[in-house]
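Chain residues, written in single-letter form:
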Amino acid sequence: VLDLTGLPRPERHATVIATLEALPLGAVLVVILDQEPTDLRLRLARRYAPHLRWEPRGRTGDRFTVAISLEGPGDAASVAMNDVATRLDSLFPTAA
């Protein structure tokens, strides 16, 4: 469980990404926030799609809880790097 409510907002996304990439694929990271995690979800979707699994766990008062995991071959950092490589390949295709 990663409680981000006491962390300064500029550090939250980087903390989630670093923690998620340190976990084995398939491991679930439960994150608690004091704001709706719309921007976080969009950022993670851009970075990890289609490997991202996002499961809202509910809202209690001003606390939002979400379960996040990555699924796919390799490890989480490899998933992120493969996604970057795929995007770069689409921007700079090699001549056949």
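To be clear, the structure that these remarks concern was listed above.
What you are looking at is a predicted structure, and each value in this text was computed from that prediction instead of being measured. (Residues numbered from 1 in each chain as written. Predicted model: local features only at pLDDT ≥ 70, side-chain atom pairs only at ≥ 80, totals over all residues. Heavy atoms only, no water.)

### Focus: the environment of I17
Item 1. With respect to the helices and strands, the residue I17 is situated in helix α1 (residues 9-22).
Item 2. Judged by its relative accessible area of 8%, I17 falls in the buried class.
Item 3. Put simply, I17 and R43 are 26 residues apart on the chain and 9.6 Å apart in space, counted from C-alpha to C-alpha.
Item 4. With sequence-adjacent residues up to four places away left out, I17 is seen in contact with R43, L44, R47 and Y48. (Helix = DSSP H or I, 4+ residues; strand = E, 2+ residues; numbered from the N terminus. Buried < 20%, exposed > 50% of the residue type's maximum accessible area, 1.4 Å probe, protein only. Contact = heavy atoms within 4.5 Å.)

### Section: the environment of I68
Item 1. One can find I68 in strand β4 (residues 63-70).
Item 2. For I68 and V28, which are 40 residues apart along the polypeptide, the C-alpha to C-alpha distance reads 5.6 Å.
Item 3. When residues no more than four places from it in sequence are discounted, the contact partners of I68 are V16, L20, A27, V28, L29, V31, L44, L52, R53 and W54.

### Digging into α1
In an α-helix there are 3.6 residues to a turn, and that puts residues three or four apart on one side.
Item 1. Between its terminal C-alpha atoms α1 stretches 21 Å, which fits the 20 Å expected from 14 residues at 1.5 Å a residue.
Item 2. Within α1 the residues assigned to the buried category are R12, V16, I17 and L20. The buried residues of α1 occupy one face: seen down the axis, they fall within an arc of 120°. Exposed residues lying more than 90 degrees from the buried face of α1 are P10 and A22. (Expected span 1.5 Å × (residues − 1). Arc of directions from axis to C-beta.)

Taken by themselves, the reported measurements are silent on function.
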